[in-house]
Amino acid sequence: MKNAQCKKCLNKFYEKEIYTIQQFQYRKQPTYKWSVTYFDKLGISEWDSFCEKCILFYSEESEKEWKKQFKLFI
Ligand SMILES: [Zn+2]
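All figures in this text were calculated on a predicted structure; none of them were measured in a lab. (Residues numbered from 1 in each chain as written. Predicted model: local features only at pLDDT ≥ 70, side-chain atom pairs only at ≥ 80, totals over all residues.)

(A) Broad picture of the overall build of the chain. Per the secondary structure count, the chain includes 2 helices and 2 strands. Shown N-terminal to C-terminal, the secondary structure of the chain runs as helices and strands in the order β-β-α-α. When the backbone C-alpha atoms are referred to their principal axes, the chain occupies close to 50 × 20 × 15 Å. Burial status across the chain gives 11% buried among its 74 residues. Residue pairs at least 24 apart in sequence account for 68% of intrachain contacts in the chain once pairs closer than 6 positions are excluded. (Helix = DSSP H or I, 4+ residues; strand = E, 2+ residues; numbered from the N terminus. Buried ≥ 20, exposed ≤ 12 C-beta atoms within 10 Å, placed from the backbone. Contact = placed C-beta atoms within 7 Å.)

Rendered as structure tokens:
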């Protein structure tokens, strides 16, 4: 049964296909600490569920934002 809901697109999907921002602890950059702060500003916590498409979107968005931050300080 599709009973999980993506916080962003509101689509329903299977519980085993849930993604959370916790998976970002495995990427080198941005650091996980930075990611958590970034998502907190967007109102997203470590326990919110997302579908694969939306977590990919956030993955790219946060990376862009992370890089932007460094350009500003150069
Ligand atoms: Zn979604």
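Still more to cover.
(B) Region of the structure containing the confidence of the model for the chain. Considering every residue of the chain, the mean pLDDT works out to 94; 96% of them sit at 70 or more. Looking at the elements of the chain, mean pLDDT is at its lowest for helix H2 (residues 52–73), recorded as 91, and at its highest for helix H1 (residues 32–41), recorded as 97. (pLDDT = per-residue confidence, 0-100.)

(C) Spatial organisation of unusual backbone geometry. Of note, the amide linkage connecting Gln29 to Pro30 takes the cis form, showing an omega dihedral of -10°. Relative to the helices and strands, Pro30 is located in the loop between strand E2 (12–13) and H1.

(D) Structural detail: the environment of Gln29. Here Gln29 lies in the loop between E2 and H1. On a C-alpha basis, the gap between Gln29 and Gln5 in space is 28 Å, while along the polypeptide they are 24 residues apart.

(E) Focus on the environment of Ile18. One can find Ile18 in the loop between E2 and H1. Residue Ile18 is classed as partly exposed on the basis of its 16 C-beta neighbours within 10 Å. Taking the C-alpha atoms as reference points, Ile18 and Phe70, separated by 52 residues in sequence, lie 31 Å from one another. For Ile18, the contacting residues outside a window of four places in its chain are Ala4 and Ser49.

(F) Structural context of the environment of Phe13. Note on placement: Phe13 falls in strand E2. Distance from Phe13 to Asn3, taken between C-alpha atoms, is 6.3 Å for residues 10 residues apart in sequence. When near neighbours in sequence (up to four residues on either side) are disregarded, Phe13 contacts Lys2, Ala4, Cys6 and Cys51.

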